[in-house]
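# Observations on chain architecture
Here are the chains, one letter per residue:
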Number of protein chains: 2
Amino acid sequence: MSKAADTRMMILQKSFELIYRKGYQSTSIDEIIATTQVTKGAFFYHFKTKDDMGLSLINEVLYPGMYNVMIKPLEEAKDPVKAIYKVMENLLNDFVFFNPDYGCPAINLIEEMSPMNPVFKKALAKLVKQWQNAIVAALNKGQADHIFTSTFVPEEVAMVVISGYGGVRNIGKALGKSSYKTYLRGLKTYLINL
Amino acid sequence: MSKAADTRMMILQKSFELIYRKGYQSTSIDEIIATTQVTKGAFFYHFKTKDDMGLSLINEVLYPGMYNVMIKPLEEAKDPVKAIYKVMENLLNDFVFFNPDYGCPAINLIEEMSPMNPVFKKALAKLVKQWQNAIVAALNKGQADHIFTSTFVPEEVAMVVISGYGGVRNIGKALGKSSYKTYLRGLKTYLINL
DNA sequence: GACATAACATACTAATTGGTATGTTGGCAA
DNA sequence: TTGCCAACATACCAATTAGTATGTTATGTC
């Protein structure tokens, strides 16, 4: 990677951390260049506007990161129930970078930026849809393998699951990490009874 | 109500609408006084700071409004399954003031303000806890009446339900109102199978 | 009707915002 | 070695921010 590309990626990474904790609009460019030790000239050389940086951040940092944790494990899954639960447990408990106080960076951006910027909205909707599709595919495979005792509509179960994730990330901001534990137990019971 | 109290409440109401659509930090006092036709002097006569106004808004507008829709119907409920579903359907479909693009004002505030201001966090956590308690109480009553076929932990089911709500409000911002319908069908199946 | 205070109105400020204009420098091709 | 451009650096700017200082006016009380 060239030095310029290094600088660019470093700006994106540090911005990602700041925005995760403070929100997109409350993170100023001045603060970003202060923590990155990069000058304003350098910042605007690499990114046309703040929103250009934000969108690059979604596509080049957030998206690949989330894809690896939320979607890839489901594509390779044998038992969809175990796989879905494992992904959720991994997301909620194992990621040390994710703090209950600050929630999930993807959920935060959807919450804050979807109503403000249609380009952000589209990029974030893509991420959600991919997760949804991966869960539906895993459930479909499970139904084909006859591992479920009840009949259900995979799209509806997927929506309950991804909503549960987004919601518990929200609740966790108010009530703390204990919400995660309670939710995970409830999710496990739900999935087992499918 | 005195004229001064009228002015105060009008500021809170209009601020509530603006903040619902734009977020708390992105709604400036200048914008609030422009839409309310109230001068800056009047604003700062009624509220010490912006955060003082925000907290008043939570306690005097958001809290009573949400209480009536989310909690009261559950306290009077006979069939908890029907009551919980009805509350959710009412929240997601019937409130014309609530727009899928802008989500839920309470969820939005938790998302944005819980990490920024511990006073906001506390006031919002109270609202969540009350809803949680109301759902748990309704489920407990249902278990005492032996209307459920499965055994479950009410706290866990309540957490799945309130997380589902918060999450689908988030997903809805990215994917639109159709998410609500899919979620509600999934929720119904979940509740019926309890 | 005098007076006090509540309820505003106006004009300002210092700090912060995203963005720009105009530099400078380092490395590589010819 | 020279020339050129990518990759920065510095200095600025107009707009917006929450908040304040200092007014004026309405209203109730005696």
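Quick summary incoming for the structure in this document. (Residues numbered from 1 in each chain as written. Chains lettered and ligands numbered in written order. Predicted model: local features only at pLDDT ≥ 70, side-chain atom pairs only at ≥ 80, totals over all residues. Heavy atoms only, no water.)

## Quick notes on the protein's contact with DNA strand C
Rules: Nearness is defined per residue: one heavy atom within 4 Å of the molecule or strand is enough. Each polar contact in these results corresponds to two N or O atoms within 3.5 Å; when the atoms are within protein, one needs to be able to donate a hydrogen and the other to accept it, and residues that are neighboring in sequence are counted only if both atoms are side-chain atoms. For the purposes of this entry, the term helix denotes a DSSP run of H or I that reaches at least four residues, the term strand denotes a run of E that reaches at least two, and both are numbered from the N terminus. Residues are grouped as follows: nonpolar covers Ala, Val, Leu, Ile, Met, Phe, Trp, Tyr, Cys and Pro; charged covers Asp, Glu, Lys and Arg; every other residue, Gly included, is treated as polar.
In the vicinity of DNA strand C lie 17 residues, with Ile29(A), Lys40(A), Lys50(A), Thr39(B) and Tyr45(B) positioned nearest. In this structure, Thr7(B) approaches DNA strand C through a side-chain N or O atom, which is 3.4 Å from a phosphate oxygen. Breaking the surface near DNA strand C down by element, the ones donating at least two residues are helix 2 (29-36) and helix 3 (40-46) of chain A together with helix 1 (3-22) and helix 3 (40-46) of chain B. In terms of residue count, the dominant contributor to the surface near DNA strand C is helix 3 of chain B (five residues). Here the residues of the surface near DNA strand C are counted per class, giving five nonpolar, seven polar and five charged.

## Comments concerning the interface of chain A and chain B
Condition: Here, residues are in contact when the closest pair of their heavy atoms is within 4.5 Å. The working definition used for a salt bridge is a side-chain nitrogen of Lys or Arg within 4 Å of a carboxyl oxygen of Asp or Glu.
Of the residues lining the interface, 40 residues belong to chain A; the matching set on chain B comes to 40 residues. Between Lys121(A) and Asp101(B) there is a salt bridge; the shortest N-O distance is 3.5 Å. Inspection of the region where chain A meets chain B yields 10 residue pairs in polar contact (both at pLDDT 80 or more). Sort the elements by how many residues they give to the side of chain A that touches chain B and helix 8 (residues 154-175) of chain A lands first, with 15 residues. The residue inventory of the side of chain A that touches chain B, partitioned by class, reads 17 nonpolar, 14 polar and nine charged.

## Here's the deal with the protein's contact with DNA strand D
Not every one of the 16 residues close to DNA strand D is listed here, only the nearest: Thr39(A), Tyr45(A), Ile29(B), Lys40(B) and Lys50(B). Among all atoms of DNA strand D positioned within 4 Å of the protein, those belonging to sugar or phosphate total 66%. Between DNA strand D and the protein, one listed contact pairs a phosphate oxygen with a side-chain N or O atom of Thr39(A) at 2.9 Å. In this structure, His46(A) approaches DNA strand D through a side-chain N or O atom, which is 3.0 Å from a phosphate oxygen. Elements supplying a minimum of two residues to the surface near DNA strand D: helix 1 (3-22) and helix 3 of chain A together with helix 2 (29-36) and helix 3 of chain B. It is helix 3 of chain A that contributes the most residues to the surface near DNA strand D, five residues altogether. For the surface near DNA strand D, a count of residues per class yields five nonpolar, seven polar and four charged.

## Points about helix 9 (residues 178-192) of chain A
Applied cut-off: One less than the residue count of a helix, multiplied by 1.5 Å, gives the span that helix is expected to have. Only protein chains enter the accessibility calculation, which uses a 1.4 Å probe. A residue is then buried if its area is under 20% of the maximum for its type, exposed if over 50%, and partly exposed in between.
Compared with an ideal rise of 1.5 Å per residue, which puts 15 residues at 21 Å, helix 9 of chain A spans 22 Å between its outermost C-alpha atoms and is within 8% of the ideal. When we look at burial in helix 9 of chain A, the residues that qualify are Ser179(A), Tyr180(A), Thr182(A), Tyr183(A), Leu184(A), Gly186(A), Leu187(A), Tyr190(A) and Leu191(A).

## Regarding the relation of the copies chain A and chain B
Formally: When the copies are superposed, the least-squares fit draws on C-alpha atoms of residues that have pLDDT of at least 70 in both.
Taken as rigid bodies, chain A and chain B are interconverted by a rotation of 180° and an axial shift of 0.0 Å, the fit giving an RMSD of 0.0 Å. Both copies of the chain, as the preceding transformation shows, are related through a two-fold rotation axis. Rotation axis and chain A: the residue whose C-alpha lies nearest the axis is Gly167(A), separated from it by 1.8 Å.

## A word on the packing of helix 5 (residues 80-94) of chain B against helix 8 (residues 154-175) of chain B
Residue and element names in this part refer to chain B. Filter applied, for reference: Axes here refer to lines fitted to C-alpha atoms; in helices the fit is confined to the stretch in contact. Angles between the N-to-C directions go from 0 to 180 degrees. Any angle from 65 to 115 degrees is called roughly perpendicular, while one under 35 is roughly parallel, one over 145 is roughly antiparallel, and all others are oblique. Crossing handedness is read from the near helix: turned anticlockwise from the far helix by less than a right angle, it gives a left-handed crossing, and turned clockwise, a right-handed one.
For the pair helix 5 and helix 8, the least separation of the axes is 12 Å and the interaxial angle reads 15°. When the interaxial angle is binned, helix 5 and helix 8 end up roughly parallel. The two elements helix 5 and helix 8 cross, and the hand of that crossing is right-handed. Side by side, helix 5 and helix 8 meet where Ile-84, Met-88, Leu-91 and Leu-92 of the first sit next to Val-161, Tyr-165, Val-168 and Arg-169 of the second. A class-by-class count of the residues in the contact of helix 5 with helix 8 yields seven nonpolar, no polar and one charged.

## Describing the pattern of salt bridges
All names here are of chain B. Under the counting rule described, the total for this entry stands at 16 salt bridges over all chains. Of the charged contacts, one joins Lys-86 and Glu-89 as a salt bridge, the two residues approaching to 3.8 Å between their closest N and O atoms. Of the two residues, Lys-86 and Glu-89 both sit in helix 5, three residues apart, roughly one turn of that helix.

## A closer look at the packing of aromatic side chains
Residue and element names in this part refer to chain A. We count it as follows: Planes of paired rings set the category: under 30 degrees apart is stacked, over 60 is edge-to-face and the rest tilted, where pairs are Phe, Tyr or Trp rings (Trp by its six-membered ring) whose centres lie within 6.5 Å.
Scanning all chains against the criterion turns up 25 aromatic pairs over all chains. With 6.0 Å between their ring centres and 75° between their planes, Tyr-20 and Tyr-102 make a pair best called edge-to-face. Taken together, the residues span a long stretch of sequence, with Tyr-20 in helix 1 and Tyr-102 in the loop between helix 5 (80-94) and helix 6 (105-113) at a distance of 82 residues. Overall, Tyr-102 belongs to the partly exposed group, its relative accessible area being 23%. Ring plane angle 75° and centroid distance 5.1 Å describe the contact between Phe-95 and Phe-98, whose orientation is recorded as edge-to-face.

## Here we look at the nonpolar core
Buried together is how nonpolar side chains tend to be arranged in soluble globular proteins. So the rule is basically this: Take the buried Ala, Val, Leu, Ile, Met, Phe, Trp, Tyr and Cys residues and link them wherever side-chain atoms come within 4.5 Å; each set so joined is a nonpolar core.
Grouped together as the largest cluster of nonpolar side chains are 141 residues, with contacts concentrated most on Trp131(A) and Trp131(B). Aside from chain neighbours lying at most four places away, what touches Trp131(A) is Met70(A), Ile71(A), Leu74(A), Val87(A), Met88(A), Leu91(A), Ile162(A) and Tyr165(A).

## Some points on the packing of helix 5 of chain B against helix 7 (residues 118-144) of chain B
All names here are of chain B. Running from N to C, helix 5 and helix 7 cross one another at 150°; their axes reach a closest spacing of 8 Å. Compared by their axis directions, helix 5 and helix 7 come out roughly antiparallel. Two secondary-structure elements touch here, helix 5 through Pro-80, Ile-84, Val-87, Met-88 and Leu-91 and helix 7 through Trp-131, Ile-135, Ala-138, Leu-139 and Gly-142.

## Considering the side chain of Gln132(A)
Note that Gln132(A) resides in helix 7 (residues 118-144). Judged by its relative accessible area of 16%, Gln132(A) is buried. Ignoring sequence-local partners within four residues, the contact set of Gln132(A) consists of Ala158(A), Met159(A), Ile162(A) and Leu175(B).

Treat this as a map of the structure, not an account of what it does.
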